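# Survey of secondary and tertiary structure
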Amino acid sequence: MEKVKYVRTQIGEGIATITIDRPEVLNAMNDEVLDELETIFNTIEKDQKIRVVIITGGGEKAFVAGGDIDAMRQMTVIEGERFVYRGQNVLRKIENSSKVVIAAINGYALGGGTELALACDIRVASDKAQLGLPEVCIGLYPGWGGTQRLVRLVGKGVAKELVFTGRRIPVQEAKELGIVNKIVPHDELMSSCVELAESILLNSPMAVIQSKKAINQGSEISLDNALSLEAEAWLVNFSTEDRVEGLSAFLEKRKPNYLGR
């Protein structure tokens, strides 16, 4: 396990676990956390052995409780401009990673914490988790994709109510709204995420990558254009050795041996 300053990384068989580790401030994200996250994802992106990333928070209380409020209070407008774009860019890098990214929401995921979770592909929450975008309560509003990714999940009406009130969202409500995929007992969170990751690792790496690309990019364009994108990604995958191996294994009633090419 490697820790830079605030972010720990553990590499397993095909899986990288990233832990944002500032428990004294509920893992709030500042410039240093963003820098470390970007550096880690740049490194992971080059490692073809890693196919799934799990992101969680250090300590027992929080996933990420948001952006660092004390740091933001002292920022000038120019510094604030850099901070908002910095956060957006790092979360966009996570969203567009060729890896499948799972958020293991182990506690409070507020403000930037919910925004980080929304940038992940799949969200698994502890039964002790709470989510929310409470920025308006402290004179801000979500700026790391919260207003944009949330509306794509829950629709305008629900997104506006959650953002305008800034209320905390109980984990069961978050599940009902489709913000989280699954709720598990707190003590089983990480093992459940690893189990989910391992089920993804059984599948064709190339097919998973192209699926993610089609879903992410297609959800932001018209249906006609999205269908064209889907077909293009399907053909990219169709040209791979993994496609031949997967179909052959099915017909031969054996487990496929995917090589990721």
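I will try to describe carefully the structure that is included in this document. Since we're looking at a predicted model, the values are computed, not measured.

Cut-offs applied
- Residues numbered from 1 in each chain as written.
- Predicted model: local features only at pLDDT ≥ 70, side-chain atom pairs only at ≥ 80, totals over all residues.
- Heavy atoms only, no water.
- Helix = DSSP H or I, 4+ residues; strand = E, 2+ residues; numbered from the N terminus.
- Rg over C-alpha atoms; globule rule 2.2 N^0.38 Å.
- Buried < 20%, exposed > 50% of the residue type's maximum accessible area, 1.4 Å probe, protein only.
- Contact = heavy atoms within 4.5 Å.
- Areas by Shrake-Rupley, 256 points an atom, 1.4 Å probe, with all protein chains shown as cover.
- Lys, Arg positive; Asp, Glu negative; His and termini not counted.
- Charge placed at Lys NZ, Arg CZ, Asp CG, Glu CD.
- Pairing = 2+ DSSP bridges.
- Axes fitted to C-alpha atoms, helices over the stretch in contact; angles between N-to-C directions.
- Parallel < 35°, antiparallel > 145°, perpendicular 65-115°, else oblique.
- Nonpolar A, V, L, I, M, F, W, Y, C, P; charged D, E, K, R; others polar.
- Salt bridge = Lys/Arg side-chain N within 4 Å of Asp/Glu carboxyl O.
- Disulfide = S-S within 2.5 Å.

### What to know about the overall build of the protein chain
In terms of helices and strands, the protein chain carries eleven helices and eleven strands. Whereas a compact globule of 261 residues would reach a radius of gyration of roughly 18 Å, the protein chain reaches 19 Å, a difference of no more than 12%. When its C-alpha atoms are laid out on the principal axes, the protein chain stretches across 60 × 45 × 35 Å. Within the protein chain, buried positions represent 45% of all 261 residues. Across the protein chain, the fraction of contacts at a sequence separation of at least 24, relative to all contacts at a separation of at least 6, is 68%. Surface summary for the protein chain: the accessible area is close to 13,800 Å², and the carbon and sulfur share equals 54%. Of the charged side chains in the protein chain, 31 are positive and 36 negative; the average position of the first set lies 2 Å away from that of the second.

### A word on the sheet that holds strand E5 (residues 62-64)
With mixed pairing, the four strands of this open sheet are ordered in space as E5-E7-E9-E10. In this open sheet, the two edge strands, each paired with only one partner strand, are E5 and strand E10 (168-170). Averaged over all adjacent pairs, the angle separating strand axes in this sheet is 25°, with direction ignored. Note: strand E7 (residues 108-110) against strand E9 (residues 130-132), three bridges, orientation parallel. Each residue of the ladder has a partner; that of Ala 109, found in E9, is Leu 131. Packing against the sheet, helix H4 (residues 112-119) makes contact with E5, E7 and E9, and its axis sits at approximately 75° to E5.

### Here we look at the packing of helix H3 (residues 77-95) against H4
Running from N to C, H3 and H4 point in directions that differ by 30°, and their axes come no closer than 8 Å. As the angle between them shows, H3 and H4 are arranged roughly parallel. Every residue of H4 that contacts H3 at Leu 91, Ile 94 and Glu 95 is listed here: Glu 115, Leu 116 and Ala 119. Looking at the contact of H3 with H4, its residues break down into four nonpolar, no polar and two charged.

### Let's talk about the pattern of salt bridges
For the structure shown, the criterion picks out 16 salt bridges. One salt bridge in this structure joins Arg 22 and Asp 68, with 3.1 Å as the shortest N-O distance. Residue Arg 22 is found in the loop between strand E3 (15-20) and helix H1 (31-46), and its partner Asp 68 is found in the loop between E5 and helix H2 (69-73); the two are separated by 46 residues along the sequence. Residue Arg 22 shares its accessibility class with Asp 68, and that shared class is buried. Taking the shortest distance from any N to any O, the salt bridge between Glu 241 and Arg 261 comes out at 3.1 Å.

### Quick notes on unusual backbone geometry
Of note, the phi angle at Asn 27 is positive, near 65°, even though the residue is not glycine. Structurally, Asn 27 is set in the loop between E3 and H1. You can call Asn 27 buried: its relative accessible area is 0%. We note that Lys 253 has phi near 55°; this positive angle belongs to a residue other than glycine. Among the structural elements, Lys 253 can be located in the segment after helix H11 (241-251).

### Some words on the environment of Gln 172
Within the secondary structure, Gln 172 is located in helix H7 (residues 171-177). Expressed as a C-alpha distance, the spacing of Gln 172 and Ala 125, which sit 47 residues apart in the sequence, is 9.5 Å.

### Some remarks on the state of the cysteines
In the structure shown here, the tally under the stated rule is zero disulfides. Cys 193 carries a free sulfur, and the closest cysteine sulfur to it, the one in Cys 120, is 10 Å from it. Classification of Cys 193 as buried rests on a relative accessible area of 0%.

### Looking at the pairing of strand E6 (residues 100-105)
Counted residue by residue, E6 has six buried out of six residues, so it is predominantly covered. Neither face of E6 is left uncovered, since the one carrying Val 100, Ile 102 and Ala 104 and the one carrying Val 101, Ala 103 and Ile 105 both have all their residues buried. As defined by bridge partners, strand E4 (residues 52-57) adjoins E6 across four bridges and the pair is classed as parallel. When the bridges of E6 are listed, Val 53 appears paired with Val 101. Sheet topology places E6 next to strand E8 (residues 122-126); four bridges connect them, and they run parallel. Bridging from a neighbouring strand, Ala 104 pairs with Val 124 of E8.

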